[in-house]
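Spelled out from the first residue to the last, the chains are:
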Amino acid sequence: MAATDHCLASHRPITVEHPDLLYDGLYEAPQLVDAAVQADRTPGPGEALDCYVAAHARASGTRDTPTFRRALTVRLAAAEHPVMTRYWQLAGQLTPDLTLGAADSWFRNALAAGTAAG
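Residues numbered from 1 in each chain as written. Predicted model: local features only at pLDDT ≥ 70, side-chain atom pairs only at ≥ 80, totals over all residues. Heavy atoms only, no water.

Peer 1: Looking at this structure, how should I read the overall build of the chain?
Peer 2: From N to C terminus, the chain includes seven helices and zero strands. Going from N to C terminus, the chain has its helices and strands arranged as α-α-α-α-α-α-α. Per-residue burial for the chain yields a buried fraction of 32% across its 118 residues. Across the chain, the fraction of contacts at a sequence separation of at least 24, relative to all contacts at a separation of at least 6, is 71%. In the structure as shown, the chain presents an accessible area of about 7500 Å², 57% of it carried by carbon and sulfur atoms. (Helix = DSSP H or I, 4+ residues; strand = E, 2+ residues; numbered from the N terminus. Buried < 20%, exposed > 50% of the residue type's maximum accessible area, 1.4 Å probe, protein only. Contact = heavy atoms within 4.5 Å. Areas by Shrake-Rupley, 256 points an atom, 1.4 Å probe, with all protein chains shown as cover.)

Encoded structure:
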């Protein structure tokens, strides 16, 4: 399956009230998750996940709460697209560095694990 213009146009990522706050807030999160991956930590709670969720909360005009985390888990799952998932899998095979897609997957898994436990 190729990433066509139609496919990408039909894929609507999650929308937030303040996308600029989201992108600013997410600047540090991949660096933190890279450190977690390098330390061989499985996706879970910690500074990296807190940074990621806080950025989403600020961009949505709310606070990081257990209710927000559950809602974010659902929104992120609904925004997944198989073509983009495959794209990031292939990109990860081309570089030894952590890709944004791999970081995002780590965050989603950490968030899902945290909300399932809570």
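Peer 1: So what exactly am I meant to see when it comes to the packing of aromatic side chains here?
Peer 2: Two aromatic rings, taken as a pair, are described by how far apart their centres are and by the angle between their planes. For the structure on display, the rule yields three aromatic pairs. An angle of 5° between the planes, with centres 4.2 Å apart, marks the rings of Tyr52 and Phe107 as stacked. Linking Tyr52 in helix H4 (residues 47-59) with Phe107 in helix H7 (residues 100-117), this pair joins segments that are 55 residues apart in sequence. Among the residues examined, Tyr52 registers a relative accessible area of 3% and is labelled buried. (Phe/Tyr/Trp six-rings, centres within 6.5 Å; stacked < 30°, edge-to-face > 60°.)

Peer 1: Would you explain the confidence of the model for the chain in this entry?
Peer 2: Atom-level detail of predicted coordinates should not be read off regions where pLDDT is low. For the chain, per-residue confidence averages 82 on the pLDDT scale, and 84% of positions sit at 70 or higher. Within the model, the stretch residues 1-12 combines pLDDT values under 50 with twelve contacts to residues more than four positions away or in other chains. (pLDDT = per-residue confidence, 0-100.)

Peer 1: What should I look at first to understand the packing of helix H3 (residues 29-38) against H4 in this one?
Peer 2: Between two packed helices, what matters for the description is the angle formed by their axes and the separation of those axes. The contact between H3 and H4 brings their axes to 8 Å, and the two run at 160°. The orientation of H3 with respect to H4, classified from their angle, is roughly antiparallel. The handedness of the crossing between H3 and H4 is left-handed. Side by side, H3 and H4 meet where Ala29, Leu32 and Val33 of the first sit next to Glu47, Ala48, Cys51 and Tyr52 of the second. Looking at the contact of H3 with H4, its residues break down into six nonpolar, no polar and one charged. (Axes fitted to C-alpha atoms, helices over the stretch in contact; angles between N-to-C directions. Parallel < 35°, antiparallel > 145°, perpendicular 65-115°, else oblique. Left-handed = near helix turned anticlockwise from the far one by under 90°. Nonpolar A, V, L, I, M, F, W, Y, C, P; charged D, E, K, R; others polar.)

Peer 1: Teacher, can you tell me more about the side chain of Arg108 here?
Peer 2: Of note, Arg108 is situated in helix H7. For Arg108, the side chain forms a polar contact with the main-chain oxygen of Leu76, separated by 2.5 Å. (Polar contact = N/O pair within 3.5 Å; in protein donor to acceptor, adjacent residues only side chain to side chain.)

Peer 1: Could you clarify how one ought to interpret the nonpolar core in this entry?
Peer 2: Generally speaking, soluble globular proteins have nonpolar side chains that are buried together. Of all hydrophobic cores here, the largest spans 18 residues; its most connected members are Tyr52, Val53, Trp106 and Phe107. Elements with a contribution of two residues or more to this core: H3, H4, helix H5 (66-79) and H7. Broken down by element, this core gets its largest block of residues, six residues, from H4. Not counting the four nearest positions on each side in its chain, Tyr52 is found in contact with Leu26, Ala29, Leu76, Asp104 and Phe107. (Core = buried A, V, L, I, M, F, W, Y, C linked by side-chain atoms within 4.5 Å.)

Peer 1: So what exactly am I meant to see when it comes to unusual backbone geometry here?
Peer 2: Backbone geometry follows two general trends: most residues other than glycine have a negative phi, and most peptide bonds adopt the trans configuration. Despite not being glycine, Asp40 has its phi angle at roughly 60°, a positive value. Along the chain, the position of Asp40 falls in the loop between H3 and H4.

Peer 1: Would you explain H5 in this entry?
Peer 2: Working note: α-helix, 3.6 residues per turn, so residues spaced by three or four point in the same direction. Taking 1.5 Å per residue, 14 residues should reach 20 Å; H5 reaches 20 Å between its end C-alpha atoms and fits that length. For H5, the set of buried residues is Phe68, Arg69, Leu72, Thr73, Leu76 and Ala79. In a view along the axis of H5, the buried residues occupy a sector of 140°, so they form one face of it. Exposed residues on H5 whose side chains face more than 90 degrees from its buried face are Pro66, Thr67, Val74 and Ala78. (Expected span 1.5 Å × (residues − 1). Arc of directions from axis to C-beta.)

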